[in-house]
Amino acid sequence: MLDASIPSLPIGRKILVLGCPGCGKSTFARKLQEKTKIPLIHLDNIWWKPDRTHITREEFDRQLDEILCGDAWIVDGYYHRTVERRLRACDTVVFLDLSEALCMQGITERIGTVRPDMPWTEEMLDPELADLVRKFHTESRPTLLDLLKHYPDKQLLRFSSRAEADTWLDRLPNAT
């Protein structure tokens, strides 16, 4: 793992943004895209339809494979089932490793907000989403940390606060 506080740290061209729901993955990914000009893909916009149904796993996997074959991308979303496939394809992983309380605050504060990373506006707190946040730190996070150990060749940027991530982004040079 590299020290994310180093301002001159280069960033790759195939970037995963991972973390618990509500941690700020999509916001971070948008800011990163603005800085780097690398195409941004929000996995929620692939999986979900505006009517809150979703495509098949096969169609999702096909679209994901097409994305991962590209030369440059920022992929925002956790989607545990496909994390390892994306890890194999990426060169950089951004892990927003925020507390459960901050993530819960994140999913609560976005209610009623139009977001480019979702095909609908959440009008109330989804109990399933809140449950995902509660389970992330005890179930998904340990699995993710273990999985990351198997990919020491990947550049890992791990932030424990939104301020830390924003400071790093502020120091990242703009694409020319």
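Residues numbered from 1 in each chain as written. Predicted model: local features only at pLDDT ≥ 70, side-chain atom pairs only at ≥ 80, totals over all residues. Heavy atoms only, no water.

**Student:** When you look at the overall build of the protein chain in this model, what are you seeing that I'm missing?
**Tutor:** A count of helical and extended segments in the protein chain gives seven helices and five strands. Order of helices (α) and strands (β) in the protein chain, N terminus to C terminus: β-α-β-α-α-β-α-β-α-α-β-α. Scaling as 2.2 N^0.38, a compact globule of 176 residues should have a C-alpha radius of gyration of about 16 Å, and the protein chain matches this with 15 Å. Its C-alpha atoms give the protein chain principal-axis dimensions of about 40 × 35 × 35 Å. Looking at the protein chain residue by residue over its 176 residues, the buried ones come to 45%. Considering only contacts in the protein chain between residues 6 or more positions apart, those separated by 24 or more positions represent 75%. With the model as given, the accessible surface of the protein chain reaches about 9,300 Å², and the carbon-plus-sulfur share is 53%. For the protein chain, the centre of its 25 positive side-chain charges and the centre of its 28 negative side-chain charges are spaced 2 Å apart. (Helix = DSSP H or I, 4+ residues; strand = E, 2+ residues; numbered from the N terminus. Rg over C-alpha atoms; globule rule 2.2 N^0.38 Å. Buried < 20%, exposed > 50% of the residue type's maximum accessible area, 1.4 Å probe, protein only. Contact = heavy atoms within 4.5 Å. Areas by Shrake-Rupley, 256 points an atom, 1.4 Å probe, with all protein chains shown as cover. Lys, Arg positive; Asp, Glu negative; His and termini not counted. Charge placed at Lys NZ, Arg CZ, Asp CG, Glu CD.)

**Student:** I would appreciate a short explanation of the nonpolar core in the present structure.
**Tutor:** Nonpolar side chains in soluble globular proteins generally cluster together in the buried interior. Residues F28, L87 and L96 are the most contacted members of the largest nonpolar core, which totals 51 residues. Ranked by residues supplied to this core, first place goes to helix α6 (residues 127–149) with eight residues. Look past the residues within four positions of L87 in its chain and what remains in contact with it is L16, V93, L147, L148, Y151 and K154. (Core = buried A, V, L, I, M, F, W, Y, C linked by side-chain atoms within 4.5 Å.)

**Student:** Explain the packing of helix α1 (residues 25–36) against helix α7 (residues 162–171) here, please?
**Tutor:** In helix packing, the relevant descriptors are the interaxial angle and the interaxial distance, both defined with respect to the helix axes. Contact geometry of α1 with α7 gives a least axis separation of 10 Å together with a crossing angle of 5°. Considering the angle they form, α1 stands roughly parallel to α7. Every residue of α7 that contacts α1 at F28, K31, L32 and K35 is listed here: A165, D166, W168, L169 and D170. A per-class count over the contact of α1 with α7 returns five nonpolar, no polar and four charged. (Axes fitted to C-alpha atoms, helices over the stretch in contact; angles between N-to-C directions. Parallel < 35°, antiparallel > 145°, perpendicular 65-115°, else oblique. Nonpolar A, V, L, I, M, F, W, Y, C, P; charged D, E, K, R; others polar.)

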